[in-house]
Amino acid sequence: MRETEALKQIARGLRRDIVEMIYRAGSGHPGGSLSIADLITALYFDEMNQSSDRVGDPARDRFVLSKGHTAPALYAALAKAGYFDREELWKLRQVGAMLQGHPDRKGTPGVDASTGSLGLGISAACGMAKAAKLYGDAYRVYAILGDGELEEGQVWEAFLFAAHYKLDNLCVIIDANGLQIDGPVCEVMNVEPIEEKLRAFGFATAVIDGHDFPAIFSAFDKARETKGAPFAVIAKTVKGKGVSFMENNAAWHGSAPNAEQFEQAMKELEEEDA
Amino acid sequence: MKDLGKLATRDAYGQALADLATQYDFVVLDADLSKSTKTATFRKVCPERFVNCGIAEGNMMGVAAGIASTGRPAFASTFAMFAAGRAYDSVRNGIGYPHLNVKIAATHTGISVGEDGATHQCIEDIALMRAIPGMVVCCPADGPSTAAAVRCALEHDGPVYLRLGRLAVPTLYEDLSGFAFGKGILLREGSDAVIVAVGLMTARALAAAESLAEKGIQVAVIDMHTVKPLDEALLLEWAEKTGAVVTAEEHTILGGLGSAVAECLGEHRPTVLQRVGVRDLFGSSGKAEEVLTAYGLTAQAIEEAVCTAIARKSLR
């Protein structure tokens, strides 16, 4: 559809659901969930060849949320796309609930990989992409990683693998929000320059504003046109995007808003509609 | 014991993969050790379904999970130290938690790795793998049972850990038509004690039983190739019949077969138990047979453990 206004509307809805889910659960990771809301909107409501009536279809595109702690963003998208009842969102992180604190492939329709231990999802994504190459399948694989996640050594093992096997059906998206639990990524353990590193590892790359839909799609187009190499979209994002007091604040990596903060966040996310 | 020759379980593994390549659709992964793990035997006949992951075991397990998630079983092989040790998180979270159809075939288990020493002698892998919900843990005793286990692994929907060895071990079986995960094999009957063994210790248990028989002590021997799920019925039956149990494993006695047997007996039928295994130590370099002897993983040590167990019976 690629209609920026409509997608913005969806993303705003996802952000509201993310905040409400985490507020109701009393725990969770709002910062990084909000930073990928636009990317995940672009993937699920335009880019990816998937739909809720094709769960288990071997030809569908795959999505791996390697930064599994931002599951609320994925859950909000899956609910919106009809993979499961929206009411499930309000049971997030509860005993017996379908929606676990981190994505669970076994229990949640639409979740392609169980993730949460950082650096693991990208390996699974490489496996899915390699399987497509081995068997001549046409599906594509998308994986979102955090910039802090790049500190995990296994990520670079996976990147070597992706380039070595020329996985041009793999599109890696780095959610470069610049913050991790203990503070700015550049202070905790610098991962920059990300683009140069990825190029040196054999990736074709694009650096974009991860909240700008036309830019996101032009990167995805470039990824699909790239042959013989995996593609990495380095998406510059704002952690906590859309909620003023959460934006660019590492303290909102993994804490839930209180009632007052929740009200304010929802108000801000509503005002944006105007 | 009839002499049926010797074969390392890793060799039987590579051959079984090659033999089954046309009958089953599966992918084989390795981490730069294909000549040692013997997945190279498969690669020779089916290069199009072989994926070398380089020296990156954590990634290999994740890649295997990703492949399995698309519906094709995957065998991932490396040394046990790197499969169960280094890659534990990938195995636990990437394969075990989503219960994916990955068969982790780890070679170079135990101290019979020999000269390479403690860093390469994994004696904790049964404990690590057994703790993962839904993981089948199988440690075949010889070549033919390894081939049977590979076939069982392909027929089984879910994660399997196959514990294989580097050292050539005596072939025990001619017919394995009834081989199944979770079904121990009674190799010998006896009323004084039962030896429950896995892997290369099974042949040693048989040798110990033969030697004891010459001294008038009748000992049953069970090949408990599957440590998880444990064949509790068979274990309890023979614990009841004999009143003395000896376990024998090429693994630390903490968390392996001996522990599994102790847990079962403790809950269902407290019985005198002696565990033969590595006693909370790291391995060390040396010729395989010499290292096994130095750590007390011999027929003689099993024999002594049986005598101790039988003596303890009368104290109860």
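Residues numbered from 1 in each chain as written. Chains lettered and ligands numbered in written order. Predicted model: local features only at pLDDT ≥ 70, side-chain atom pairs only at ≥ 80, totals over all residues. Heavy atoms only, no water.

Side note on the overall build of chain B
Formally: Strands here are runs of E lasting at least two residues and helices are runs of H or I lasting at least four, both read from the DSSP assignment and numbered beginning at the N terminus. Contacts: residue pairs with any heavy atoms within 4.5 Å of one another. The method behind every accessible area is Shrake-Rupley, applied with a 1.4 Å probe, and residues are considered shielded solely by the protein chains displayed. Charge counting follows a simple rule: Lys and Arg are positive, Asp and Glu are negative, and His as well as the terminal groups are ignored. To locate a charge, take NZ of a lysine, CZ of an arginine, CG of an aspartate or CD of a glutamate.
Scanning chain B from N- to C-terminus turns up 13 helices and 14 strands. Principal axes of the C-alpha set define a box for chain B whose edges measure 60 × 40 × 35 Å. Nonlocal contacts in chain B, meaning residues at least 24 apart in sequence, comprise 80% of its contacts between residues at least 6 apart. Split by element, the accessible area of chain B, about 11400 Å² in all, is 51% carbon and sulfur. In chain B, which carries 29 positive and 36 negative side-chain charges, the distance between the mean positions of the two groups comes to 1 Å.

Topic: the nonpolar core
As a reminder of what qualifies: Take the buried Ala, Val, Leu, Ile, Met, Phe, Trp, Tyr and Cys residues and link them wherever side-chain atoms come within 4.5 Å; each set so joined is a nonpolar core. Three exposure classes are used, based on accessible area relative to the maximum for each residue type with a 1.4 Å probe and protein chains only: buried under 20%, partly exposed in between, and exposed over 50%. Start and end points for every domain follow an automatic or database-based domain assignment.
Ranked by size, the top nonpolar core spans 85 residues in total, and within it Phe159 of chain A together with Leu29 of chain B carry the most contacts. Looking at this core, the element that brings in the most residues is helix 5 (residues 121-135) of chain A, giving eight residues. Of the residues that make up this core, three or more belong to each of domain 1 (6-170) and domain 2 (185-313) of chain B. With sequence-adjacent residues up to four places away left out, Phe159 of chain A is seen in contact with Ile122, Leu145, Leu150, Val172, Ile174, Leu198, Phe201 and Phe203 of chain A. Val136, Leu176, Leu200 and Ala305 of chain B belong to the second-largest nonpolar core, a separate cluster that totals 61 residues.

Remarks on the sheet that holds strand 10 (residues 193-197) of chain B
Residue and element names in this part refer to chain B. Note the following rule: Two strands pair under a simple rule: DSSP has to find at least two bridges between them. Note on geometry: axes are lines fitted to C-alpha atoms, helical ones only across the stretch in contact, with angles between N-to-C directions running from 0 to 180 degrees.
Pairing is mixed in the open sheet, where five strands are placed in the order 9-11-10-13-14. Pairing within the sheet leaves two strands with one partner each, and these edge strands are strand 9 (185-188) and strand 14 (272-278). Strand-to-strand twist of the sheet, defined as the mean angle between neighbouring strand axes without regard to direction, takes the value 25 degrees. With five bridges joining them, strand 10 and strand 11 (residues 219-223) adopt parallel strand pairing. Following the sheet pairing, Ala193 is matched in strand 11 by Val219. Across the sheet, helix 10 (residues 232-242) touches strand 9, strand 10, strand 11 and strand 13 (244-252), and the angle it forms with strand 10 is around 155 degrees. Packing against the sheet, helix 11 (residues 257-268) makes contact with strand 10, strand 13 and strand 14, and its axis sits at approximately 145 degrees to strand 13.

Focus on the confidence of the model for chain B
In plain terms, the rule: Residue-level confidence of the predictor is what pLDDT reports, using numbers from 0 through 100.
Residues of chain B with pLDDT of at least 70 account for 100%, and the chain-wide mean is 97. In the model output, the complex is listed with pTM 0.97 alongside ipTM 0.96.

Thoughts on the interface of chain A and chain B
The condition is simple: Here's the idea: put two parts together, see how much 1.4 Å probe accessible area each one loses, and the total over both is what we call buried area. One side-chain nitrogen of Lys or Arg within 4 Å of one carboxyl oxygen of Asp or Glu is enough to make a salt bridge. Polar contact is the term for a pair of N or O atoms within 3.5 Å; when the atoms are in protein, one must be able to donate a hydrogen and the other to accept it, and sequence-neighboring residues count only if both atoms are side-chain atoms. Each residue is assigned to one class: nonpolar for Ala, Val, Leu, Ile, Met, Phe, Trp, Tyr, Cys and Pro, charged for Asp, Glu, Lys and Arg, and polar for all the others, Gly among them.
Taken together, the contact pairs 26 residues of chain A with 27 residues of chain B. Here chain A and chain B share an interface that buries about 2000 Å² over both sides, 56% of which is from carbon and sulfur atoms. Put simply, chain A and chain B have one salt bridge between them. Put simply, Arg72 of chain B and Asp137 of chain A hold a salt bridge, and the shortest N to O gap is 3.1 Å. Linking chain A with chain B are ten residue pairs in polar contact (both at pLDDT 80 or more). Within the residue set of the side of chain A that touches chain B, elements represented by two or more residues are helix 5 and helix 6 (153-164) of chain A. Top contributing element to the side of chain A that touches chain B by residue count: helix 5 of chain A, with nine residues. For the side of chain A that touches chain B, the residue count by class is twelve nonpolar, six polar and eight charged.

What to know about the packing of aromatic side chains
Where two aromatic rings form a pair, the distance of their centres and the angle of their planes describe that pair. Cut-off, in case you're wondering: In summary, the pairing rule links any two rings of Phe, Tyr or Trp, Trp by its six-membered ring, whose centres are within 6.5 Å, and it sorts them by plane angle into stacked for under 30 degrees, edge-to-face for over 60 and tilted for everything else. We call a charge positioned over a ring when the NZ of a Lys or the CZ of an Arg lies within 6 Å of the ring centre and within 35 degrees of the ring normal.
Under the definition given, this model contains 15 aromatic pairs over all chains. Measuring from ring centre to ring centre gives 6.2 Å for Tyr13 of chain B and Phe75 of chain B, while their planes differ by 45 degrees; the resulting arrangement is tilted. One end of the pair, Tyr13 of chain B, is in helix 1 (residues 9-20); the other, Phe75 of chain B, is in strand 4 (residues 74-79), and 62 residues separate them in sequence. Each member of the pair, Tyr13 of chain B as well as Phe75 of chain B, carries the same accessibility label: buried. Of the aromatic side chains, those joined through ring pairs into one cluster are Tyr142, Phe213, Phe217 and Phe220 of chain A. The ring of Tyr135 of chain A carries the charged tip of Arg72 of chain B above its face, separated from the ring centre by 3.8 Å.

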